[in-house]
Amino acid sequence: MELRQLEYFVAVAEEQNFTRAAERVHISQSGVSAQIRQLERELGAELFDRSGRTATLTAAGAAALAPARAALAAAEAVGQAVGEVSGLIRGRITVGMVLGCTVTPLFEALAAFHRAHPGVEIALLEDNSDRLVQGVRAGTVDLALIGTATANPAGLEALTIVSERLVVLVPPGHPLAGRRRVALRDLEAHPIVCMPPGTGLRTVFDQACAARGIDPVIALQAGAADAIADLAARGLGVGILSESMAAGYRDRLTARLIDDVDTPALLSLVWRPGQAPAVRELVAQARRAFGGQTPGGADGSGR
């Protein structure tokens, strides 16, 4: 029995799919299947029911999952303990990034970390903010850049990168373009173009609407600021973005603060407390990279 077999087994169990598990561990699907078949032969029991569209654990597989995770954690702890004594940082770190994000200081932090610790493999995962937070809590993601409505997600450490209010984006000639003040109630008469559920911007918008008993018409949803701006520019709806995100479209769209939404949309780095040396070092690199940022903005960010 080899550690890599246990790693592949855990990956398939969590992904419930051999193809996704193979992508996660960076080998071919046939390689994952072959190693798990070998593990099953050594254990004398099938670990997965392969008859359906998803790979589901058998009773034997369910019994093996917790010990397999414990074995992998123990092996990682051995490497970390030796690394701390010798001053070396090795292993693998998974960094989550909210869809549509182009915040260059994060990339600078990753590059600085890689130069300082070439022995650490860096994996980058894009997803919506809610799923990234779940991944950080579950330990499948070590550090994530997320959009959020909460400065300190429960149980996690956080570094706020951006804190901004919401704005509407409309093309010239739109009824809202000529108004000096825009309130949530003014949006009821217009279709909305915004980020999908699970993003920080959408959470702030939805919570503000619910608090005022407003039921907006969400006409279109897009995960990137460029897409929202393009749709708004074509008259398909009123775009909802944050201040710095909207600033890049001043040449063709008018931005107005939503006066009665005081809760800011946040862009934050989150990680679990008590992390391994590699994560602590990457957090330190991120603090340095984002040191020049003010809470008012990071250009090009998607939340």
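Residues numbered from 1 in each chain as written. Predicted model: local features only at pLDDT ≥ 70, side-chain atom pairs only at ≥ 80, totals over all residues. Heavy atoms only, no water.

> I keep staring at the overall build of the protein and nothing clicks. Help me out?
From N to C terminus, the protein includes 10 helices and 12 strands. Expressed along its principal axes, the backbone C-alpha trace of the protein runs to roughly 70 × 50 × 30 Å. A fraction of 76% describes how many contacts in the protein between residues 6 or more apart in sequence connect residues 24 or more apart. Carbon together with sulfur atoms contributes 51% to the accessible area of the protein, which is approximately 14,400 Å² in total. Of the charged side chains in the protein, 29 are positive and 32 negative; the average position of the first set lies 2 Å away from that of the second. (Helix = DSSP H or I, 4+ residues; strand = E, 2+ residues; numbered from the N terminus. Contact = heavy atoms within 4.5 Å. Areas by Shrake-Rupley, 256 points an atom, 1.4 Å probe, with all protein chains shown as cover. Lys, Arg positive; Asp, Glu negative; His and termini not counted. Charge placed at Lys NZ, Arg CZ, Asp CG, Glu CD.)

> Whenever I open this one, the packing of helix α1 (residues 3-15) against helix α2 (residues 18-25) confuses me. Can you help?
How two helices sit against one another is set out by the angle between their axes and by the gap between those axes. The contact between α1 and α2 brings their axes to 8 Å, and the two run at 130 degrees. Judged on the interaxial angle alone, α2 and α1 are oblique. Of the two elements, α1 crosses α2, and the hand of that crossing is right-handed. From α1, Glu7, Tyr8, Val10, Ala11, Val12, Glu14 and Glu15 reach across to α2, where they touch Phe18, Arg20, Ala21, Arg24 and Val25. (Axes fitted to C-alpha atoms, helices over the stretch in contact; angles between N-to-C directions. Parallel < 35°, antiparallel > 145°, perpendicular 65-115°, else oblique. Left-handed = near helix turned anticlockwise from the far one by under 90°.)

> Looking at this structure, I do not really get α1. What am I missing?
For an α-helix the count is 3.6 residues per turn, leaving residues at separations of three or four pointing the same way. Relative to the 18 Å expected for 13 residues at 1.5 Å per residue, α1 spans 18 Å between its end C-alpha atoms, a close match to the ideal helical length. Every buried residue of α1 is listed here: Gln5, Leu6, Tyr8, Phe9, Val10, Ala11, Val12 and Ala13. (Expected span 1.5 Å × (residues − 1). Buried < 20%, exposed > 50% of the residue type's maximum accessible area, 1.4 Å probe, protein only.)

> What's the story with the packing of helix α5 (residues 104-116) against helix α10 (residues 277-289) in this structure? I'm lost.
Viewed as axis vectors pointing N to C, α5 and α10 meet at an angle of 130 degrees, and their least axial separation amounts to 8 Å. As judged from the angle between their axes, α5 and α10 are oblique. Handedness of the crossing formed by α5 with α10: right-handed. Only Ala278, Glu281, Leu282, Gln285, Ala286 and Ala289 of α10 make contact with α5, whose side of the interface consists of Pro105, Ala109, Leu110, Ala112, Phe113 and Ala116.

> I tried to follow the confidence of the model for the protein on my own but got confused; where do I start?
The predicted structure's coordinates, where accompanied by low pLDDT, should not be read in detail. Overall, the predicted model of the protein reaches an average pLDDT of 86, with 91% of residues at or above 70. The element-level mean pLDDT for the protein is lowest in helix α4 (residues 59-86), coming to 80, with strand β8 (residues 191-194) highest at 96. (pLDDT = per-residue confidence, 0-100.)

> Just to check I follow, could you spell out the nonpolar core for this structure?
Nonpolar side chains tend toward joint burial in soluble globular proteins. Core analysis: the biggest nonpolar cluster contains 35 residues, and Leu166, Leu184, Leu187, Phe205, Ile240, Leu241 and Ile258 have the highest contact counts within it. Those elements that provide at least two residues to this core are β7 (166-170), β8, α7 (200-211), α8 (225-233), β10 (238-242) and α9 (243-247). Dropping the residues within four chain positions of it, leucine 187 is found in contact with Val168, Leu176, Val182, Ile192, Phe205, Val238, Ile240 and Ile258. Judged by nonpolar contacts, the second largest core, of 32 residues, contains Leu110, Val120, Leu145 and Val162. (Core = buried A, V, L, I, M, F, W, Y, C linked by side-chain atoms within 4.5 Å.)

> So what exactly am I meant to see when it comes to the pattern of salt bridges here?
Should the charged atoms of two oppositely charged side chains come close, the side chains can pair. A full pass over the atoms with the stated rule returns 18 salt bridges. With its nearest N and O atoms 3.5 Å apart, the salt bridge here joins glutamate 40 to arginine 37. Here the residue glutamate 40 and the residue arginine 37 both occupy positions in helix α3 (residues 29-43), the gap between them amounting to 3 residues, near one helical turn. When salt bridges that share partners are traced, they join Glu14, Glu15, Arg20, Arg24 and Arg69 into one network. (Salt bridge = Lys/Arg side-chain N within 4 Å of Asp/Glu carboxyl O.)

> Mind showing me how you'd approach the sheet that holds strand β6 (residues 157-164) here?
Strand pairing in a sheet relies on backbone hydrogen bonds. The paired strands run either parallel or antiparallel. In spatial order, the strands read β4-β3-β5-β12-β6; together these 5 strands make up an open sheet with mixed pairing. Of all strands in the sheet, those bounded by a partner on one side alone are β4 (120-127) and β6. Along the sheet, successive strands turn relative to each other by an average axial angle of 20 degrees, direction set aside. Alignment of β6 against strand β12 (residues 265-271), held across 7 bridges, turns out to be antiparallel. Directly across from threonine 160, in β12, lies its bridge partner serine 268. (Pairing = 2+ DSSP bridges.)

> Explanation requested: the packing of aromatic side chains in the structure shown.
This structure, assessed with the given rule, holds 2 aromatic pairs. Here the aromatic rings of phenylalanine 18 and phenylalanine 48 are separated by 5.8 Å at their centres, their planes lie at 70 degrees, and the arrangement is edge-to-face. Taken together, the positions of phenylalanine 18 in helix α2 and phenylalanine 48 in strand β1 (residues 48-49) put the pair 30 residues apart, joining distant regions of the chain. In terms of burial, phenylalanine 18 and phenylalanine 48 fall into one category: buried. (Phe/Tyr/Trp six-rings, centres within 6.5 Å; stacked < 30°, edge-to-face > 60°.)

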